[in-house]
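Structural overview
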There are 2 protein chains.
Amino acid sequence: MKAEIITIGDELLIGQTVDTNSAWMGQALSSLGFDIHRKTSVHDKREDILGILSDASSRSDVVLITGGLGPTSDDITKNTLCEFFNTKLVLDLRVLGMIESMMSKRGFPMNENNRKQAEVPESCTVLTNAAGTAPGMWFEKNGTVFVSMPGVPSEMKYIMNEHVIPALGKRFTSQVIVHKNIMTFGTPEARLAEILTDFEAGLPRCIKLAYLPSSGIIKLRLTATGDNREELLKLTGEQVCKLYETIPQFIYGEDEETLEMAVGRLLRDKNLTLCTAESCTGGNISHKITSVPGSSDYYRGSVIAYANDIKTSVLGVDPILIEREGAVSESVAAAMAEGARNLMKTDFAVATTGIAGPAGGTQLKPVGTIWIAVSRGSGTITEKHAFTTDRVTNITRFTYAALNLLRKQIIST
Amino acid sequence: MKAEIITIGDELLIGQTVDTNSAWMGQALSSLGFDIHRKTSVHDKREDILGILSDASSRSDVVLITGGLGPTSDDITKNTLCEFFNTKLVLDLRVLGMIESMMSKRGFPMNENNRKQAEVPESCTVLTNAAGTAPGMWFEKNGTVFVSMPGVPSEMKYIMNEHVIPALGKRFTSQVIVHKNIMTFGTPEARLAEILTDFEAGLPRCIKLAYLPSSGIIKLRLTATGDNREELLKLTGEQVCKLYETIPQFIYGEDEETLEMAVGRLLRDKNLTLCTAESCTGGNISHKITSVPGSSDYYRGSVIAYANDIKTSVLGVDPILIEREGAVSESVAAAMAEGARNLMKTDFAVATTGIAGPAGGTQLKPVGTIWIAVSRGSGTITEKHAFTTDRVTNITRFTYAALNLLRKQIIST
């Protein structure tokens, strides 16, 4: 069964907003077994919306649409849908009641814009939206299902989870697609592909392998397609075992596991605690770790020692060391980690000191240089990296390198 | 002049990768004056790629394409382009030399996959790529320009900046489009639209207003279209002045300024320093602040006191206070901010304590509750918020609320 996604909004085309909705909807449709064969973004413009709706209806069984349902005058999707489905707007009293109750809870008065959001095309099935004021709308035309939802991610997700995913699941029985991700870190894509040449050649015909690199993490995605879920799961499982035999040193997790989730899982399993001491990563390691639900079970805290004298006054790094070796040095990274572990009384501490850029680089320590240290009861180990990207990417690379060193040290404990 | 963007890759359709490339390219094309009227993602599949190339050639002057140029076997863009443009692959010795030199610098040996990347369609103009191993390719067919680039963001950006943007600028003289963003925080979209009803009605015909909400920040985008850049800039400037008169309390910046950039700008202008003490935000405030280049000029550091005893041992919060009022309380937030300011000797400190979820909420302090405190020489002020979203969104909302309170306090200094 074929599905496509249409996102409406000038802000998507001129790049002022990154379209995260369609990725989320793509995952949802994919796990229902749909082949998502196309994603299109178009202007908030009547002709363009009508054109893509017409194209989509001729090639897809399901069309998910987001955007252009807001309360403001640049939002024209609802009127255009009326035109395409040959219907008219009518006031929906149930939706009006929900909007009134929501506005009153938030302490805002109702206005004309809010009231307009309770008007819906007469021929649609209304999908209520407890996460916002614009309802979703379900249409059918010549056997194709069209669902229009607001572009605010939390509202789209509410309507998808509450209404659309269950209804599509019931209505369509489609070809089974099984995805399995193996998460790797520590080697570039071309090298990994070289190591996996024989593995790839030996894959069953129903399984495809894709390499999805992002900031040093390479997701290996196996996609199996067929009629029998059990059979596909078994075949995929066999290939996953082969991957673990071939590249054990690079695999850190499965599915959507992040490095920070892997670190958290290992700490929890071993009943260990962690703190961090960050300079160049500026809190990003701590932010990643605490984004994981339940991280307070193993994570105690951090000192972000951005200024050198805070490395000394809070973490107890010897100022002579900083003067002699420089703040970006192996010994300062080690002293930061040890200082943090003493201060916050944890089993593990990870510390970073480096130059994120764009300024601050020297001949010997160019922008992108980082020293990482991991301290534990049995001692402290350090690692140096040299990246060559912009500030924001360097901070991400630094963070992942630190999390990976930490992960390997926890495993070897 | 009309432009469109095609991104190729199964990972985009099934939502395993969020497409940030097309947003970046959309901004670049938009500032060259192009009307970007469509963005499409398709499978790594010959028929789908040929179909969209053919559609695009009939309706656009410029078509930018990314993805499917990697060294692995799931990358089929290059062969499909050869078919579409009726040409064949030939080895490009200059590209081969660049790849060899890059691999040797990184300390990796050349392999067959790397060598294949030096093969290019005979009829294209090669766009060298110093950021990676896959070159860009420029084709022309029936007056339409097609540019194919790798999907790795840093490589696409290199090729765009180095080759594509200058070449398109020279080749096309098109209608002038002027964008101006006014950044607001602190009021929901429907209310802002109500306040701006008269403003919107009074806009000149050549200027459009759009509301772009994201995590509490609403970007107001004015888009002016016409022939005369000077005239459009003048007209847009007049409307910006009107906005400042109408909603001064909500405007924090212009263009792409973030709240953390606004905070940094104010601190730098007033020659003030900052530290943070974070509990529920887990380092995200610090991460945002240090993502801004030059932040070490005003930002000194942070204590992430995730565990309660670290609030006491490092920040000096009275343990009796925590026991009596709870860690999520006005007085603990204030004590954290004051403790951090004493410890790190700064003009300002901002502190957060709250419940990000999904666990940890109670009847009186549900998930989404946060106390924020800002401390400065003249005293400490506090603010409570209640959000109702998931953990990751709550952390973002908490962070922005804290940055905005801090911003207002710096202004009033």
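In this text, all values refer to a predicted model and were calculated from it rather than measured experimentally.

Criteria and thresholds
Residues numbered from 1 in each chain as written. Chains lettered and ligands numbered in written order. Predicted model: local features only at pLDDT ≥ 70, side-chain atom pairs only at ≥ 80, totals over all residues. Heavy atoms only, no water. Domains from an automatic or database assignment. Phe/Tyr/Trp six-rings, centres within 6.5 Å; stacked < 30°, edge-to-face > 60°. Helix = DSSP H or I, 4+ residues; strand = E, 2+ residues; numbered from the N terminus. Buried < 20%, exposed > 50% of the residue type's maximum accessible area, 1.4 Å probe, protein only. Lys NZ or Arg CZ within 6 Å of the ring centre and 35° of its normal. Least-squares fit on C-alpha atoms with pLDDT ≥ 70 in both. Contact = heavy atoms within 4.5 Å. Pairing = 2+ DSSP bridges. Expected span 1.5 Å × (residues − 1). Arc of directions from axis to C-beta. Polar contact = N/O pair within 3.5 Å; in protein donor to acceptor, adjacent residues only side chain to side chain. Salt bridge = Lys/Arg side-chain N within 4 Å of Asp/Glu carboxyl O.

A look at the domain arrangement of chain A
By a widely used convention, the size of an interface equals the accessible area lost when the partners come together. Along its sequence, chain A is organised into domain 1 (2–171), domain 2 (176–254) and domain 3 (259–411). A straight line from the C-alpha centre of domain 1 of chain A to that of domain 2 of chain A covers 35 Å.

What about the packing of aromatic side chains?
Residues and elements named next belong to chain A. Tallied over the entire structure, the rule returns 16 aromatic pairs over all chains. Ring centres of Phe85 and Phe146 lie 5.2 Å apart, and the angle between their planes is 75°; on these two criteria the pair is classed as edge-to-face. With Phe85 in the loop between α4 (77–84) and β4 (89–91) and Phe146 in strand β8 (residues 144–149), this pair connects stretches of sequence that are 61 residues apart. Taking relative accessible area as the criterion, Phe146 reaches 0% and is therefore assigned buried. Pairwise contacts between aromatic rings join Phe84, Phe85, Phe139 and Phe146 into one cluster. Lying across the ring of Phe84, Lys141 places its NZ or CZ 3.9 Å from the centre.

Focus: the relation of the copies chain B and chain A
With an axial shift of 0.0 Å and an RMSD of 0.1 Å, the rotation relating chain B to chain A amounts to 180°. In symmetry terms, the pair is related by a two-fold rotation axis. Of all interface residues in chain B, 100% are interface residues in chain A too; the two copies therefore contact each other through one and the same surface.

Focus: the pairing of strand β7 (residues 136–141) of chain B
All names here are of chain B. Pairing analysis gives three bridges linking strand β6 (residues 125–127) to β7, with the strands arranged antiparallel. Paired with Leu127 across the two strands is Gly136, which belongs to β7. From the end of β7 to the start of strand β8 (residues 144–149), which pair antiparallel, there are two residues, and Asn142 there has a positive phi angle of about 50°.

Description of helix α10 (residues 229–246) of chain B
All names here are of chain B. End to end, α10 covers 26 Å across 18 residues, agreeing with the expected 26 Å (1.5 Å per residue, within 8%). Leu232, Leu235, Thr236, Gln239, Val240 and Leu243 are the residues of α10 that are buried. The buried residues of α10 occupy one face: seen down the axis, they fall within an arc of 145°. Of the exposed residues in α10, those oriented more than 90 degrees away from the buried face are Glu230 and Glu245. The elements touched by buried residues of α10 are β9 (176–185), α9 (197–201), β10 (207–214), β11 (217–226) and β12 (251–254). Capping the start of α10 is the job of one residue whose side-chain oxygen sits 2.9 Å from the backbone nitrogen of Glu230: Asn228.

Focus: the pattern of salt bridges
Scanning the entire structure with this criterion turns up 30 salt bridges over all chains. Residue A:Asp309 pairs with B:Arg300 through a salt bridge whose shortest N-O separation is 2.7 Å. A residue pair is termed interchain when its members come from two chains, as with A:Asp309 in helix α13 (residues 308–313) and B:Arg300 in strand β14 (residues 299–305). For A:Asp309, a relative accessible area of 39% translates into the label partly exposed. Linking B:Arg265 and B:Glu257 is a salt bridge whose minimum nitrogen-to-oxygen distance equals 2.8 Å. Each member of the salt-bridge network shares a partner with another, and the members are A:Arg46, A:Glu47 and A:Glu83.

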